[in-house]
Amino acid sequence: MSEKHEASGVSTTGHVWDDDLADLTNEPPKWWMLGLTASALFVVVYWLYYPSIPFATTNGFFKGIGGWTAIKEMEADVGEVEAVRGKFEARLKGMTPAAILADSELTEYVTRSGKVLFGDNCAACHGQNGIGTHDKEGLFAPILNDDDWLYGGKIEDIHASIEGGRQGMMMAHKDMLSAAEIDALANAVAKGQPTSTPLFAAKGCTACHGEDGKGNQAMGSANLVDKIWRFEVRNDKLNDAENMKRLVEGSKRTITYGVNSGDPQGRAAVMPSFKEAGKLSDTEIKKLAVYVYKFGGGQSDAPAAAAAPAAGAAK
Amino acid sequence: MNMETERKEAGSVTGIYQELEHWNVNTGDKTIHAKRMPGFFRTIKNYTQALYLLFFLVPYLRWNGKQAILFDITHNQFHFFNLTVLPQDIWMLSLLLLLLAMVLFAVTSVASRVWCGYFCFQTAWTDWFTWIEDKIEGNPQARRKLDAAPWSAGKIWKKSLKHFIWMSISLLTGISFSIWFVDAYDYWNKLVHFQLPLVGWVTLATIFFGTYILAALLREQVCMWMCPYARIQGVMTDSQTILPVYDFRRGEPRGKLHRKAGEGGGAVQGDCIDCFQCVQVCPTGVDIRDGQQLGCITCGLCLDACDSIMDKVGKPRGLIRYASLNELEGKPARKMYQHPRTLVYIGIILIAFGGIVYGLTHLGSVVLKVIPERQPLYVYLSDGSIQNKYELKVLNKTDSDLRIGVTAEGGVRDQVIIGAEKPLLARHGRSTSFTLFVRAPGQNIKMEVTPIEFRIQSIDDPLIGAEYKTKFNGPAVDLGRRIISGMGNAK
């Protein structure tokens, strides 16, 4: 150890090889030692400050002197989000859905933040973005982004639907009508021209669907003359005739077995009351009403605003 | 292996150790106390370094009631007098960085490390700091003496005063740096009331300690061992580059000046009188007579020192001068245009500059982006028409809110835009989004995807406008269309 290296004058470890190669016992640089010490101190401080080792204490385990926990951090983060939303939510509380809709800033807030609410509560039946869902018998729940509404597309109507729920009703006609009659009616409905067959009036369809077949939103009877059907939807992958066939079959089924008629083969068309279920608060129901309204099918109270013709559109 | 080779190999290892003794590596174990001498390059350096006054003063400049130049990070905006650059245009920053890098390269290839010697903040701050040291503690000899002297009231006073002034400048540097990014007056107000946000304190502390440690304590060690540009620029010079060199042909053999002719034993003597003035004035402690080296920041102070000595001993100036290695070795000097590397740099500079000019002149006042709804792509409506939903994002770069109208070009015959009947209000300085619908009669849709171009235009200033090409989605051509028309017309 005490040997000095001849060129550098530094002590060596005493091990010499290849004639004159030696390990010098230089001290590490001071900055390096400082760094090492500082790192060691940091480890100790960190270890004490954060929960490191689960020592049992009187209330649970030792959580470090800083008291940091992941849950607390998460709660603080949630608090931040709530603070931002809070001022909007506070205003929403006392407002009617129509008033919310009139306020562009609040509408913007609702359409942006309503996605989760809709996804959690509505999308299971109505599909993400309200595109509807299908089961093997056809369209399970109505599409929400078109302009056809069973119970009305005004903001109050939509709000009432969510708040109180809806239950479709149409009796089964299998005992009242012959197969030929059902066939004729179904074909007329599938064409969108229910009044084209005298059976429509003669068999009392007009009682619910109206003399012109346009339905009655007060009772939720479907409009039969437009191009949207409640239990069937056009499949763009199929051709004309195939689609028509599906529409006819679907209509037949609806007429024969009814809707919520008690018949085991009847159509089910039930929307629960989200107020009764207690799952959603009043504000949340209002937000959803506005959110659904803004899908594109919402109808204003005023006569439909004159749509601006697109300038320069190909004529 | 015979004995001779073995001895040779052993010798080469020993040679490394011996070489080590001659290596003069500045590892910072000794503080360099450079002498300050007046001269041509000293004056130039003073002026170029004075440019940093802009760094301290420009943030206080106001323009239309706002800070003239502000890199507003909180609001993601860059203000330059009337011009506002939003993050969307930040690609120009990469061109600017490219431009600056190429200017650095080009200048370095022509005139070596001009940046290091005259413009670098490390050089400038160190120069100011040592000037203060010189004023307080005296000339280099006095400073060395003071360093070696035992602690006394006088020494403590001088040292604390020096460090206090250094820290004050460092603090001012930190503040001046910060106010390029936030409103200067507001910053001072918050600072004196100790109300800066955490990020403000961290920035201030970083720049404060950075300045103090780098410029006051580490000094030339930064250039030697920390700065990558010193090394990068070091390899950018070639034999055509002019740099401060010692004319060894004229100077060697060096030796003390002899009063009377012949006193030197009749030996031929060069012009260098070995006075060490060039070493003493060097801020990085380099001996330029050893040739170009990493430590040389090409500040030219040794040229001033040598010229003043040459004047005194009655010999021509320029023993140490700016010259290329070609010139020094008596090779013919080539013209600037014969330096292809520089020309390439200049070419890139021009391209980058062109890009920036294009960017600045084509900033536009508004930018439109249109995002068609994907789920669902289109919706059948009760009258058999097809509706598409679009989100329009209008970025308004002007400093006032704009009322804009929306039209569409192309698309489907007899289409209508719903949601833009009244002018839309695009907020200034940010992007505002609007939801619009386009509704078109089903029988008019000829293609599954029809191109459509949205156009926005300010109601008040028709010159402000933008457009965006997107698509109108419909059912598959031959199937969907027939279905819709085939369903009959409900009357």
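The rules behind the values
Residues numbered from 1 in each chain as written. Chains lettered and ligands numbered in written order. Predicted model: local features only at pLDDT ≥ 70, side-chain atom pairs only at ≥ 80, totals over all residues. Heavy atoms only, no water. Helix = DSSP H or I, 4+ residues; strand = E, 2+ residues; numbered from the N terminus. Buried < 20%, exposed > 50% of the residue type's maximum accessible area, 1.4 Å probe, protein only. Contact = heavy atoms within 4.5 Å. Areas by Shrake-Rupley, 256 points an atom, 1.4 Å probe, with all protein chains shown as cover. Lys, Arg positive; Asp, Glu negative; His and termini not counted. Charge placed at Lys NZ, Arg CZ, Asp CG, Glu CD. Patch = residues over 30% accessible without salt bridge, like charges linked within 9 Å, V, L, I, M, F, W, Y side chains within 5 Å. Salt bridge = Lys/Arg side-chain N within 4 Å of Asp/Glu carboxyl O. Domains from an automatic or database assignment. Pairing = 2+ DSSP bridges. Expected span 1.5 Å × (residues − 1). Polar contact = N/O pair within 3.5 Å; in protein donor to acceptor, adjacent residues only side chain to side chain. Axes fitted to C-alpha atoms, helices over the stretch in contact; angles between N-to-C directions.

So, the overall build of chain A
- A tally of regular secondary structure across chain A gives 11 helices and 9 strands.
- If you line up chain A on its principal axes, its C-alpha atoms span 120 × 55 × 55 Å.
- Counting across all 315 residues of chain A, residues that qualify as buried make up 37%.
- Residue pairs in contact within chain A that sit at least 24 positions apart in sequence constitute 51% of those at least 6 positions apart.
- Surface exposure of chain A reaches about 18,200 Å², of which carbon and sulfur atoms provide 60%.
- Of the side chains in chain A, 32 bear a positive and 41 a negative charge, and the two mean positions are spaced by 9 Å.

Structural notes on a nonpolar patch on the surface
All names here are of chain A.
- The grouping of Val 44, Val 45, Trp 47, Leu 48, Tyr 49, Ile 53, Phe 55 and Ile 65 at the surface amounts to a nonpolar patch, some 770 Å² of accessible area in total.
- Structurally, Tyr 49 can be placed in helix 1 (residues 30–49).
- A relative accessible area of 40% means that Tyr 49 is categorised as partly exposed.

Quick look at the domain arrangement of chain A
- Here chain A is partitioned into domain 1 (12–61), domain 2 (74–168 + 270–293) and domain 3 (179–257).
- Using only C-alpha atoms to locate each centre, domain 1 of chain A and domain 2 of chain A end up separated by 59 Å.

Considerations on the pairing of strand 2 (residues 21–24) of chain A
Residues and elements named next belong to chain A.
- Direction of pairing for strand 1 (residues 12–17) relative to strand 2: antiparallel, over a ladder of 3 bridges. Bridge pairing in strand 2 links Trp 17 to Leu 21.
- Hairpin connection between strand 1 and strand 2: a loop of 3 residues separates the two successive antiparallel strands, and Asp 18 in this loop has a positive phi of roughly 50°.

Quick notes on the environment of Ile155(A)
Residue and element names in this part refer to chain A.
- Summarising the element assignment, Ile 155 is placed in helix 6 (residues 155–164).
- For Ile 155, a relative accessible area of 4% gives the class buried.
- Along the backbone, Ile 155 and Leu 101 are 54 residues apart, and their C-alpha atoms lie at a distance of 8.4 Å.
- Not counting residues up to four positions away in its chain, the partners in contact with Ile 155 are Pro 97, Ala 98, Leu 101, Ala 289, Val 290, Tyr 293 and Gln 299.

Some words on the domain arrangement of chain B
- Taken domain by domain, chain B consists of domain 1 (30–86 + 117–220) and domain 2 (366–486).
- Each of domain 1 of chain B and domain 2 of chain B has a C-alpha centre, and the two are 55 Å apart.

Quick look at the pattern of salt bridges
Residue and element names in this part refer to chain B.
- Inspection of every chain in the model, using the stated rule, returns 41 salt bridges over all chains.
- When the shortest N-O distance is used, the salt bridge between Arg 143 and Glu 133 registers 3.8 Å. Taken together, the positions of Arg 143 in helix 7 (residues 140–148) and Glu 133 in helix 6 (residues 121–137) put the pair 10 residues apart, joining distant regions of the chain.
- Relative accessible area serves as the criterion here: at 1%, Arg 143 is assigned to the buried category.
- You can call Glu 133 buried: its relative accessible area is 2%.
- Two residues, Asp 186 and Lys 190, come together in a salt bridge whose shortest N-O distance is 3.3 Å. Of this pair, Asp 186 and Lys 190 both sit in helix 9 (residues 184–192), separated by 4 residues, roughly a single helical turn.
- The class of Asp 186 is partly exposed, set by a relative accessible area of 35%.

Quick notes on helix 10 (residues 240–257) of chain A
All names here are of chain A.
- When the terminal C-alpha atoms of helix 10 are compared, their 26 Å separation across 18 residues agrees well with the 26 Å that a helix rising 1.5 Å per residue should span.
- Looking only at helix 10, the buried set comprises Asp 240, Asn 243, Met 244, Leu 247, Val 248, Gly 250, Ser 251, Arg 253, Thr 254, Ile 255 and Thr 256.
- Between a side-chain oxygen at the N-terminus of helix 10 and the backbone nitrogen of Ala 241 the separation is 3.2 Å; the capping residue is Asn 239.
- Immediately downstream of helix 10, the backbone of Gly 258 shows phi near 75°, a positive value.

A few points about unusual backbone geometry
Residue and element names in this part refer to chain B.
- Put simply, Glu 252 and Pro 253 share a cis peptide bond, and its omega is -10°.
- By secondary structure assignment, the location of Pro 253 is in the loop between helix 13 (248–251) and helix 14 (277–280).
- With an omega of 0°, the peptide bond running from Gln 375 to Pro 376 counts as cis.

Let's talk about helix 4 (residues 104–121) of chain A
All names here are of chain A.
- The terminal C-alpha atoms of helix 4, which comprises 18 residues, lie 24 Å apart, in line with the 26 Å expected from a rise of 1.5 Å per residue.
- Packing partners of the buried residues in helix 4 comprise helix 2 (70–93), helix 3 (97–102), helix 5 (123–126) and helix 11 (282–293).
- The N-terminus of helix 4 is capped by Asp 103, whose side-chain oxygen sits 2.9 Å from the backbone nitrogen of Glu 105.

Here's the deal with the sheet that holds strand 16 (residues 465–473) of chain B
Residue and element names in this part refer to chain B.
- Within the open sheet, the 4 strands sit side by side as 13-11-15-16. Their pairing is antiparallel. Sheet topology places strand 13 (424–426) and strand 16 at the edges, where each strand pairs with a single neighbour. Each strand axis lies, on average, 40° off the axis of its neighbour in the sheet, ignoring direction.

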